[in-house]
Amino acid sequence: MTSSHLGLSFRDQGPIQVRAHRVDSYTVDVDEGLLSGLAGLLTDVLDRLESPDVVIAVDTGAAEYHLGAVTAAVLSTGRPFQVVPVPAGEASKSPRGLRALHRALHRHCASRRTLLLAVGGGMVCDLATTAAAGYMRGIPYALLPTTVLAQVDAAIGGKGGLDDNGAKNLLGAFHHPAAVFVDPLLTGTLPERHVRNGLAEVIKVALIDDTDDLFHVLEQHPDQLPTGQALTGIVRAAIAAKLRLLAEDPFEQGDLRRLLNLGHCIGHPYEAATGYRVLHGEAVAVGMAAAAAHAHLAGVTALDERDRILRLLDAYRLPAVLPEAMRERTWEGMGTVRRVRGGPLHLVLPRTPGHCTVTDDLDRASYDKAVSELAARP
Ligand SMILES: NC(=O)c1ccc[n+]([C@@H]2O[C@H](COP(=O)([O-])OP(=O)(O)OC[C@H]3O[C@@H](n4cnc5c(N)ncnc54)[C@H](O)[C@@H]3O)[C@@H](O)[C@H]2O)c1
């Protein structure tokens, strides 16, 4: 039978419209001591997904402290499981690391229903998200983030990334998890520098969305890092704020993404200029300070609001000054971003906690003025 027998003429018709919508729905559990109840939470997820087995991809740095408890929880679910250690360090978040993880999944006969459980910081969360998106065209995965940065940021939003050709997150995919399990107690084994690093992203999100008065809460802990229930409250509020910002735009295509870029326009090129020797949150802190300084110079924010932001960065011993030796290379890096995007940078400027403004760009004179002013601070 030809198309004409059906009364259809393909030649007469326009393009065939295809709509392929998918709604992903999952929970983010946040609880101090959640690890002790992980078996029950995992069982629910495994039952819902009808997953026969689990592959645990664990960062070797996190494994040292937490793998025993995680494997005990998975054992209690009654599902067979395998452990795949992922060497600590950003180098594993690469096509090579991806290939190693895919090879391990294949070796362990992972099926389309196998649950991939990632345990570790942002590196392993990004790697596992990307690996789960690609393996057999998509398998379910869950995240158990163990760094503050991963708990408040990298594990939230279903965004995977790999570094390639010297560019960060050049490859990757959006692939939402089946569940995210957040236990702030797990971050107790982190070096202090990594806790501060994660808190920089908390300060960022508090400047964008302050529904839970998060900025003020952070100001209550000036001399000591939050722990226990205080940390749990902060992590929970930061996650809720990020999810509120993503709710309308889960694939980060619109303007909301711009707000989450606060501190990144300058911070990201700075981080790259140092060869990633500064941590991501530290670079974002420098970027936020520069954005706050420029916001004041441009009349967008008052002096006392700018100082409030700088005081909070100081209180958490986060850097605010762009080192002189990095100024030129950071500016050049911003130029590269403009060229790749084919347009302006869209600098996010903080006004008051919970309120930011987006400006088109930053000219060289304003950039120099803002970073010089910060360098001259006593
Ligand atoms: N997908 C996203 O939306 C998103 C957002 C922000 C950052 N990221 C990515 O996250 C990565 C950075 O994440 P990170 O800062 O967590 O770094 P990381 O994952 O490299 O972890 C930092 C270090 O902490 C160790 N570690 C992890 N958990 C530990 C624990 N509980 N106790 C002791 N040591 C522990 C690791 O072995 C590693 O040495 C970057 O690759 C960045 O691009 C992704």
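Predicted model, so just to flag it, every value in this text is computed and none were measured. (Residues numbered from 1 in each chain as written. Predicted model: local features only at pLDDT ≥ 70, side-chain atom pairs only at ≥ 80, totals over all residues. Heavy atoms only, no water.)

Further remarks concern the state of the cysteines. Tallying each qualifying case throughout the model produces zero disulfides. Here C265 is not disulfide-linked; the sulfur of C356 is the nearest cysteine sulfur, at 12 Å. C356 sits in the buried class, given a relative accessible area of 18%. (Disulfide = S-S within 2.5 Å. Buried < 20%, exposed > 50% of the residue type's maximum accessible area, 1.4 Å probe, protein only.)

Moving on, we come to the domain arrangement of the protein chain. Looking at the assigned domains, one finds that the protein chain contains domain 1 (27-189) and domain 2 (192-375). Spacing between the C-alpha centres of domain 1 and domain 2 amounts to 27 Å. Summed over both partners, the interface of domain 1 with domain 2 comes to about 1,900 Å²; 68% of that surface belongs to carbon and sulfur atoms. Our count for the contact surface shared by domain 1 and domain 2 stands at one salt bridge. Residues K242 and D153 are paired through a salt bridge, measuring 2.6 Å at the closest nitrogen-oxygen approach. In terms of residue count, helix α5 (residues 148-154) provides more of the side of domain 1 that touches domain 2 than any other element does, five residues in total. (Domains from an automatic or database assignment. Buried area = accessible area lost by both parts, 1.4 Å probe. Salt bridge = Lys/Arg side-chain N within 4 Å of Asp/Glu carboxyl O. Helix = DSSP H or I, 4+ residues; strand = E, 2+ residues; numbered from the N terminus.)

This next bit is on unusual backbone geometry. Backbone geometry places M136, a non-glycine residue, at a positive phi of 50 degrees. Even without glycine at this site, H346 takes up a positive phi of about 55 degrees. Counting through the fold element by element, H346 comes out in the loop between α13 (324-341) and β9 (347-352).

Before going further, it helps to examine the environment of L313. One can find L313 in helix α12 (residues 303-315). In this structure L313 comes out as buried when scored by relative accessible area, which is 0%. Separated by 195 residues in sequence, L313 and A118 place their C-alpha atoms 31 Å apart. With near-sequence residues (within four places) excluded, L313 lies in contact with I203, A285, M288, A289 and L318. (Contact = heavy atoms within 4.5 Å.)

Another aspect to go through is the site of the ligand. In the region of the ligand, 26 residues are neighbours, and D59, E90, T146, T147 and T189 sit closest. Between the ligand and D126 there is a distance of 2.8 Å, counted from a nitrogen atom to a side-chain nitrogen or oxygen. Coverage of the ligand by the protein chains reaches 88% of its 870 Å² of free accessible surface. For the shell around the ligand, the elements supplying multiple residues, two or more each, are α2 (60-76), α4 (122-134), α5, β7 (167-174) and α6 (192-208). At four residues, the largest contribution of residues to the shell around the ligand is made by α2. Among the residues forming the shell around the ligand, the class breakdown is eight nonpolar, 10 polar and eight charged. Shared between two domains, the shell around the ligand takes at least three residues from each, and those domains are domain 1 (27-189) and domain 2 (192-375). (Near = heavy atom within 4 Å. Polar contact = N/O pair within 3.5 Å; in protein donor to acceptor, adjacent residues only side chain to side chain. Areas by Shrake-Rupley, 256 points an atom, 1.4 Å probe, with all protein chains shown as cover. Nonpolar A, V, L, I, M, F, W, Y, C, P; charged D, E, K, R; others polar.)

Pairing of strand β2 (residues 54-59) with strand β3 (residues 81-86), which is carried by six bridges, proceeds in the parallel orientation. Bridge pairing in β3 places V55 opposite Q82. A crossover connection joins β2 to the parallel β3 through α2; in handedness this β-α-β unit is right-handed. (Pairing = 2+ DSSP bridges. Right-handed = clockwise from strand over helix to strand, strands pointing away.)

All right, on to the packing of helix α11 (residues 280-297) against α12 then. Each pair of packed helices can be summarised by the angle the axes make with each other and by the distance between the axes. Across the interface, α11 lies against α12 with an axial gap of 9 Å and an inter-helix angle of 170 degrees. As summarised for this structure, α11 and α12 are arranged roughly antiparallel, according to the angle between their axes. For the pair α11 and α12, the crossing hand works out as left-handed. Each of A285, M288, A289, A292, A293 and H296 in α11 lies in contact with α12, whose residues at this interface are L303, R306, I309, L310 and L313. Within the contact of α11 with α12, the residues separate by chemical class into nine nonpolar, one polar and one charged. (Axes fitted to C-alpha atoms, helices over the stretch in contact; angles between N-to-C directions. Parallel < 35°, antiparallel > 145°, perpendicular 65-115°, else oblique. Left-handed = near helix turned anticlockwise from the far one by under 90°.)

This part covers the packing of helix α10 (residues 264-273) against α11. Where α10 meets α11, the axes come as close as 7 Å, and the angle between the chain directions of the two elements is 135 degrees. It follows that α10 is oblique to α11 by the angle criterion. As for the relative orientation of α10 and α11, their crossing is right-handed in sense. Residues H264, I266, G267, H268, Y270 and E271 of α10 lie in contact with α11, whose contacting residues are H280, A283, V284, V286, G287 and A290.

Turning our eyes to something else, we now look at the side chain of T274. Structurally, the position occupied by T274 is in the loop between α10 and α11. In this structure the side chain of T274 is engaged in a polar contact, spanning 3.3 Å, whose partner is the backbone nitrogen of Y276. Here the side chain of T274 touches V278 through a polar contact of 3.5 Å, landing on its backbone nitrogen.

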